[in-house]
Amino acid sequence: MPKPLGRRDLLKGALALGAAGVLPAAASAAPTPQPRAETIAFAVPGLDPAHEGLRIAQLSDLHVGRRTAPETVQAAIEQANAFRPDLVVLTGDFLSSHPREVEAMRSQLGGLAAPTVAVLGNHDHWVDPDGARRVLEEHGYAVLQNEWTTIRLRGAPLPVVGVDDLHTHHADVAAAVKGLPRPVAPLVLAHGPRTADVLRRLERPMLCLSGHTHGGQIDLPIITPLFLHGVAREPYVRGHFQLGQVHLYVNRGIGNSALKVRVNCPPEVTLATLRRV
């Protein structure tokens, strides 16, 4: 069976296009942009009355290291804090390609002011998952790996599920939701958007926040959508999707992977507001 393509393969494909003259033309006038604030509201069945209007800031794919400027990471953290959220969620890929980036995580990823919960991504598993988890916990951030917890916010418990990375075969949705009470719709964190296809089969309301795709990172008309959908098999590239009873939101991420450039796809810090149905 052929090895499934990941985002690294996708971006290598974009690099090949660049060699043909497509990418340099698009990127020459596009310096790395600062993170853009995106806001979205979700109707959540069974939401506790105390959580009406609950504010959740999401950061994804920070990719500390030589392809992501520390100033960009700092700006993203400042933007998340500026939302004055009740909760911050981090949806994976803190590392990029080298174990020394664990120290960059230690120096760059502190300072989030609200309670913070994280899951790991494929790059974290490829590089140093134990180191990534250790540094996140040193910063006071909870890390969920195929498990769930409740976080008390505004005096009421919010169930939060963390599904480990799908791309590296660490995801175990059954274990992650074992014992999760009904009928409350939980908040689910999962680095890979296609995790929502598995969640959908549970036939219960959920809100899943994910990342992984970088929104395409190199967003070239026709070429990028064809590659993402037809070759990389990533149907959920950016934004909001409704999959049965599951709301899926795919964050464009903050950092860069494989290429130190974004085209037509600025970094994103998301503010998700929860509303009662």
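Residues numbered from 1 in each chain as written. Predicted model: local features only at pLDDT ≥ 70, side-chain atom pairs only at ≥ 80, totals over all residues. Heavy atoms only, no water.

Considerations on the sheet that holds strand β5 (residues 142-143)
Logical step 1: Overall, mixed pairing links the 6 strands, which are arranged β1-β12-β2-β3-β4-β5 in an open sheet. Lying at the two open borders of the sheet, with one neighbouring strand each, are β1 (36-44) and β5.
Logical step 2: Against the sheet, helix α3 (residues 70-82) touches β1, β2 (55-59) and β12 (268-276), its axis set at about 175 degrees to β2. (Pairing = 2+ DSSP bridges. Helix = DSSP H or I, 4+ residues; strand = E, 2+ residues; numbered from the N terminus. Contact = heavy atoms within 4.5 Å. Axes fitted to C-alpha atoms, helices over the stretch in contact; angles between N-to-C directions.)

As for the packing of aromatic side chains
Logical step 1: If you walk through the whole model with that rule in mind, you get 2 aromatic pairs.
Logical step 2: Ring geometry for F42 and Y249: centres 6.3 Å apart, planes at 75 degrees, overall edge-to-face. Residue F42 is located in strand β1, and its partner Y249 is located in strand β11 (residues 246-250); the two are separated by 207 residues in the primary sequence.
Logical step 3: A relative accessible area of 7% means that Y249 is categorised as buried.
Logical step 4: With 5.2 Å between their ring centres and 65 degrees between their planes, Y236 and F241 make a pair best called edge-to-face.
Logical step 5: With a relative accessible area of 11%, Y236 lands in the buried category.
Logical step 6: Owing to a relative accessible area of 23%, F241 belongs among the partly exposed residues under this scheme. (Phe/Tyr/Trp six-rings, centres within 6.5 Å; stacked < 30°, edge-to-face > 60°. Buried < 20%, exposed > 50% of the residue type's maximum accessible area, 1.4 Å probe, protein only.)

Topic: the side chain of T116
Logical step 1: For T116, the position within the fold is in strand β4 (residues 116-119).
Logical step 2: Within the structure, T116 has its side chain in polar contact with the backbone oxygen of A114 (distance 2.9 Å).
Logical step 3: Ignoring any residue separated from it by four or fewer positions in sequence, one finds T116 in contact with L87, V88, L90, G140, Y141 and A142. (Polar contact = N/O pair within 3.5 Å; in protein donor to acceptor, adjacent residues only side chain to side chain.)

Focus: the nonpolar core
Logical step 1: Counting 30 residues, the largest nonpolar core has L59, L90, F94, M105, L112 and L136 as the members making the most contacts within it.
Logical step 2: Among the elements that take part in this core, α3 stands out by supplying 4 residues, more than any other.
Logical step 3: If near-sequence neighbours (up to four positions away) are discounted, F94 is found in contact with L62, H63, V64, M105, L109, A118, V119, L120, D124 and L136.
Logical step 4: If you look at the next biggest cluster of nonpolar residues, it comprises 23 residues, including F42, V119, L144 and L209. (Core = buried A, V, L, I, M, F, W, Y, C linked by side-chain atoms within 4.5 Å.)

Structural notes on the sheet that holds strand β8 (residues 187-190)
Logical step 1: Across the sheet, which stays open at both edges, the 6 strands sit in the order β6-β7-β8-β9-β11-β10 with mixed pairing between neighbours. On the outer flanks of this sheet lie β6 (147-153) and β10 (239-243), each paired with one strand and no other. Going from strand to strand, the sheet's axes swing by 25 degrees on average, the running direction of each strand aside.
Logical step 2: Pairing of strand β7 (residues 156-163) with β8, which is carried by 4 bridges, proceeds in the parallel orientation. From the neighbouring strand, V163 faces β8, where its bridge partner is A190.

Observations concerning helix α4 (residues 101-108)
Logical step 1: Buried within α4 we find E101, V102, A104, M105 and Q108. One side of α4 holds all its buried residues, which, seen down the axis, span an arc of 155 degrees.
Logical step 2: At its buried positions, α4 is contacted by α3 and α6 (129-138). (Arc of directions from axis to C-beta.)

What about the pattern of salt bridges?
Logical step 1: For the coordinates displayed, the defined rule picks out 9 salt bridges.
Logical step 2: Note that R252 is salt-bridged to E268, the shortest N-O span being 3.5 Å. Of the two residues, R252 sits in the loop between β11 and β12 while E268 sits in strand β12, which places them 16 residues apart along the sequence.
Logical step 3: A relative accessible area of 8% places R252 in the buried class.
Logical step 4: With relative accessibility at 1%, the residue E268 sits in the buried group.
Logical step 5: Put simply, E38, R252 and E268 are held in one network by salt bridges that share partners. (Salt bridge = Lys/Arg side-chain N within 4 Å of Asp/Glu carboxyl O.)

A word on the pairing of β12
Logical step 1: Most of β12 is tucked away: 7 of the 9 residues are buried.
Logical step 2: Relative to β12, β1 runs parallel, the two sharing 9 bridges. Bridge pairing in β12 places R36 opposite E268.
Logical step 3: In terms of strand pairing, β2 meets β12 through 4 bridges, oriented antiparallel. Within the sheet, the bridge partner assigned to I56 lies in β12 and is A272.

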